[in-house]
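Spelled out from the first residue to the last, the chains are:
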Amino acid sequence: MPHPNDPSLRSFIDVDPASDFPIQNLPYGVFSTDANPTPRVGVAIGNYVLDLWELEQDSRLDVGALGVFSGPSLNPFMALGPKVWARTRARISELLRADHPELRDNEELRKQALVPMRDARLHMPFAVSGYTDFYSSREHATNVGVMFRGKDNALQPNWLHMPIAYNGRASTVVVSGTSVKRPRGQLKPPNVDLPSFGPCKRLDFELEMGVVVGQPSAMGGMLSEQQAEEMIFGFVLLNDWSARDIQQWEYVPLGPFLAKAFATSISPWVVTREALEPFRLKGPEQEPVPLDYLKQAKPQNYSIELDVSLRPGGANAPTGISRTNFKYMYWSSVQQLMHHASSGCAMNVGDLLGSGTISGPEKNQRGSLLEISWNGTEPVELPGGIKRSFLEDGDSLVMRGWCQGNGYRVGFGAVEGTILAAE
């Protein structure tokens, strides 16, 4: 049977070459419809959602105990492990192939199992067990360091030796399309003596990828490169909304807290690690050489094109403000996971690891407004004479990501959020 990543595969469903969801992708999500409001698991294919619970009930998919795909979360499926993930993806690919009649020629089953994307309501794809946000783009860390500490002291001494991170809030991870209320907090501009409490005035986005952990690890243990890689189920687009003025006052001495706890948005489709395999590549050279527990024997970065657009409140169309690539990340997702577990920290099914802001070496590749506007000193100019240093109420931000293949693309869809006024 052809491998699901075979670029020559075609589905019996017509898929535009510019679609994020060809047969080579098959990302997982959770959806419902007006006709059937119960959330269940599906796979995106072209402009359709393939209802895996319908296929499971019809005995076309066998992943173990009946009902794995009937619930509102991918967690039960992820818990079954990499061998089941690979076998299931291969079976879904077979059912969707143009040369395979089983689903193609079964009109009744097609009507039940193929839902037009326009009729689907997308939900959180998995239950987030824990959320950790990293700080792993050298370009981003350097830009921020130059802004606040000067060029000679841009990177802190530990940054080149380990992936830096903080523990975020799983409770406020939301799916794309969820509006975000402007956070409130303590504010203390440099020109005043005492803090005040009120709405954030310097609201920002952070362009990130999120790693979805699909297998647990034991408390007290460590992870090898292979173990960490096999624990990764897939990836989502991630926007870690950030209140820069709240962050500036609170982060000393322990780091981000409320400035990043109010909302984190993710895309509704989880692209599997296996689907990204053709786009794997070697990351930046690491110097100094990492300690033994962080060394990688094979390439662990991916070439994922990333695009950010901003639609100001009241405007009709978005404007692109950043274009970069996940390949620039200094610390890979596998290294992040190995480091996370290295102290003996247990990882759980459904853990989410944010990559940290993804910036590239060029000015147009910066992954946050803090960098794009250089801390507000160089506002972004948008059509109609509109300028932005940070996000204002009514602004909508959209992130997209995709890997470009030969005649097809493996994409993530989009993650969108609109800013609402603070209450």
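Remember, predicted model here, so these are calculated numbers, not experimental data. (Residues numbered from 1 in each chain as written. Predicted model: local features only at pLDDT ≥ 70, side-chain atom pairs only at ≥ 80, totals over all residues. Heavy atoms only, no water.)

Draft legend 1. Focus on helix H9 (residues 333–342). Counting buried residues along H9, 9 of its 10 residues qualify, which places the element largely inside the surrounding structure. By the burial criterion, the buried members of H9 are Ser333, Val334, Gln335, Gln336, Leu337, Met338, His339, His340 and Ala341. In this structure, the buried residues of H9 make contact with strand S6 (131–134), strand S7 (165–167), strand S13 (207–213), helix H7 (225–231), strand S14 (232–239) and strand S22 (352–354). (Buried < 20%, exposed > 50% of the residue type's maximum accessible area, 1.4 Å probe, protein only. Helix = DSSP H or I, 4+ residues; strand = E, 2+ residues; numbered from the N terminus. Contact = heavy atoms within 4.5 Å.)

Draft legend 2. Unusual backbone geometry, seen in detail. For the bond running from Val252 to Pro253, omega is 5°, close enough to zero to count as cis. Within the secondary structure, Pro253 is located in the loop between helix H8 (244–250) and strand S16 (264–266). Cis rather than trans, the peptide bond between Glu287 and Pro288 has omega equal to 5°. Secondary-structure assignment places Pro288 in the loop between strand S18 (280–281) and strand S19 (301–302). Positive phi, close to 60°, is recorded for Leu26, a residue that is not glycine. Considering the arrangement of structural elements, one finds Leu26 in the segment before strand S1 (28–32).

Draft legend 3. Structural view of the packing of aromatic side chains. On inspection of all chains with the given rule, the structure shows 10 aromatic pairs. Here Trp85 and Phe233 contribute two aromatic rings whose centre-to-centre distance is 5.0 Å and whose plane-to-plane angle is 85°, an arrangement assigned as edge-to-face. Residue Trp85 is located in helix H3 (residues 82–96), and its partner Phe233 is located in strand S14; the two are separated by 148 residues in the primary sequence. Of the residues examined, Trp85 reaches a relative accessible area of 8% and is grouped as buried. Exposure remark for Phe233: the relative accessible area of 1% places this residue in the buried category. Ring centres of Phe235 and Phe326 lie 6.3 Å apart, and the angle between their planes is 70°; this geometry places the pair in the edge-to-face category. On the criterion of sequence distance, the pair formed by Phe235 in strand S14 and Phe326 in the loop between strand S21 (319–325) and H9 is long-range, its members being 91 residues apart. Just as Phe235 is buried, Phe326 falls in that class too. By the ring-pair criterion, three or more aromatic residues cluster together here, those being Tyr28, Phe69, Phe77, Trp85 and Phe233. (Phe/Tyr/Trp six-rings, centres within 6.5 Å; stacked < 30°, edge-to-face > 60°.)

Draft legend 4. Geometry of the side chain of Ser309. Examined against the element boundaries, Ser309 turns out to sit in strand S20 (residues 305–311). Under the relative-accessibility criterion, Ser309 is labelled buried at 11%. Beyond its immediate stretch of four places on either side in the chain, Ser309 contacts Pro318, Thr319, Gly320, Ile321, Ser396, Leu397 and Val398.

Draft legend 5. How the structure looks around the UniProt feature "domain: Fumarylacetoacetase N-terminal" (unreviewed entry) in the chain. Cross-referencing UniProt, the feature "domain: Fumarylacetoacetase N-terminal" (unreviewed entry) maps to residues 24–125 in the present numbering. For residues 24–125, the helix share is 35%, the strand share is 21%, and the end-to-end C-alpha distance is 20 Å. (UniProt positions renumbered as here; feature names shortened; annotations may be inferred.)

Draft legend 6. Region of interest: the pattern of salt bridges. Under the defined criterion, the tally for this structure stands at 27 salt bridges. Among the ionic pairs, Arg91 bridges to Glu102, the shortest N-O distance being 2.6 Å. With a gap of 11 residues between them, Arg91 in helix H3 and Glu102 in helix H4 (residues 101–104) connect regions that are remote in the sequence. A relative accessible area of 24% places Glu102 in the partly exposed class. Put simply, Glu229 and Arg280 hold a salt bridge, and the shortest N to O gap is 3.0 Å. Residue Glu229 is found in helix H7, and its partner Arg280 is found in strand S18; the two are separated by 51 residues along the sequence. The same class applies to Glu229 and to Arg280, which are both buried. Here the salt bridges do not stand alone but share partners, grouping Asp58, Arg60, Arg91, Glu94 and Glu102 into one network. (Salt bridge = Lys/Arg side-chain N within 4 Å of Asp/Glu carboxyl O.)

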